[in-house]
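Reading the structure
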Amino acid sequence: MSGHGLSPLSGRTVLVTGATTGIGLETARQLAERGATVLLHGRTAEEARAAADLTPLADCWIDAPDRFLPALGTTFGQVTPWERMVYVQRMPPSSTPRLPWGVTVRRLTPEHAPALAELGTDAAWIHGTWGGPTALAASGLGWAALHKDRILAVACAYLLSSTHEDIACLTVPEHRREHLALACVAALCTDIAARGHTASWSCSRDNRPSRLLAWTAGFRLEREYVHYVTGSPARHDHLTA
């Protein structure tokens, strides 16, 4: 998936073919250094084992075939599997949420940038792929549940491709269980369909609240995969810089 052209590569996923040597390996390194999730692809197990210097991919998320695991295990002191699930919207939401009194769901506009920023650092990931709250607010690709000028929940297109929009959402802690995220997601998905795109949803396997919200919003499981989270490079004399 490509990003929005508004930020570095944080939050973006890139497939690199021939990632074991030469230009492919160098490309993977540079993408990882800029914050991308790198998908490694090598044609054979021998090529994967030959990728001796993957150290620039430290502290990254990597999606790679099993044949890369020996090289990753040798290069990094810790490689943690992270099971992920991808959903695609197949039907409308199973219910229409009733909003609390005084709360409205509206498309984000540039005037909402300060309210997005006021969500705080713990919520900053929601606009991370856009490069900040100002860019997300101006994108036209986000919806929020607002009470007066305060954002209580927000849903937005987090990653974009030519056919799909992967969405993200959050609710401020004191207003959870009020179905505000569902209302925002429903509005966003209607918007995505009107653009001729397909709404997708990705989350970790152990994130049960996210999975339940996706199901209620009409998403159904498309596939499962594993990201490997790399740690710091291991200290081995045979590894070269």
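A few points on the structure. Remember, predicted model here, so these are calculated numbers, not experimental data. (Residues numbered from 1 in each chain as written. Predicted model: local features only at pLDDT ≥ 70, side-chain atom pairs only at ≥ 80, totals over all residues. Heavy atoms only, no water.)

Some thoughts on the overall build of the protein
Counting secondary structure elements, the protein contains 7 helices and 10 strands. Taking the intrachain contacts of the protein between residues at least 6 apart in sequence as the baseline, contacts between residues at least 24 apart amount to 72%. Counting only carbon and sulfur atoms, one obtains 54% of the accessible surface of the protein, whose full area is about 12,500 Å². (Helix = DSSP H or I, 4+ residues; strand = E, 2+ residues; numbered from the N terminus. Contact = heavy atoms within 4.5 Å. Areas by Shrake-Rupley, 256 points an atom, 1.4 Å probe, with all protein chains shown as cover.)

Some details on the nonpolar core
Residues Ile151, Val154, Val185, Trp201 and Phe219 are the most contacted members of the largest nonpolar core, which totals 49 residues. If you tally residues by element for this core, the top one is strand E7 (residues 150–160), at 10 residues. Residues contacting tryptophan 201, with those up to four places away along its chain left out, are Met85, Val86, Tyr87, Asp166, Ile167, Cys169, Val185, Ser210, Leu213, Ala214 and Phe219. Formed by 10 residues, the second largest nonpolar core is a distinct cluster that contains Leu57, Ile62, Phe68 and Phe76. (Core = buried A, V, L, I, M, F, W, Y, C linked by side-chain atoms within 4.5 Å. Buried < 20%, exposed > 50% of the residue type's maximum accessible area, 1.4 Å probe, protein only.)

Section: the side chain of threonine 171
Considering the arrangement of structural elements, one finds threonine 171 in strand E8 (residues 164–171). Look past the residues within four positions of threonine 171 in its chain and what remains in contact with it is Leu152, Ala153, Arg176 and Ala181.

A look at unusual backbone geometry
The backbone of arginine 177 shows a phi angle near 70°, a positive value even though the residue is not glycine. With respect to the helices and strands, the residue arginine 177 is situated in the loop between E8 and helix H6 (180–194). At histidine 179, a position not held by glycine, the phi torsion is positive, near 65°.

Focus: the environment of leucine 72
Inspection of the secondary structure puts leucine 72 in helix H3 (residues 69–75). Along the backbone, leucine 72 and tyrosine 228 are 156 residues apart, and their C-alpha atoms lie at a distance of 9.0 Å.

Digging into H6
At 3.6 residues per turn, the α-helix brings residues three or four places apart onto the same side. With 15 residues, H6 ought to run about 21 Å at 1.5 Å a step, and its terminal C-alpha atoms sit 22 Å apart, in line with that. By the criterion of burial, H6 is predominantly enclosed, with 11 of the 15 residues buried. For H6, the complete set of buried residues consists of Leu180, Ala181, Leu182, Ala183, Cys184, Val185, Ala187, Leu188, Cys189, Asp191 and Ile192. Residue glycine 196 follows H6 closely and has a positive phi angle near 80°. (Expected span 1.5 Å × (residues − 1).)

Focus on the environment of proline 65
Residue placement: proline 65 occurs in the loop between strand E3 (61–63) and H3. Here proline 65 falls in the partly exposed class, since its relative accessible area comes to 25%. Taking the C-alpha atoms as reference points, proline 65 and valine 226, separated by 161 residues in sequence, lie 9.4 Å from one another.

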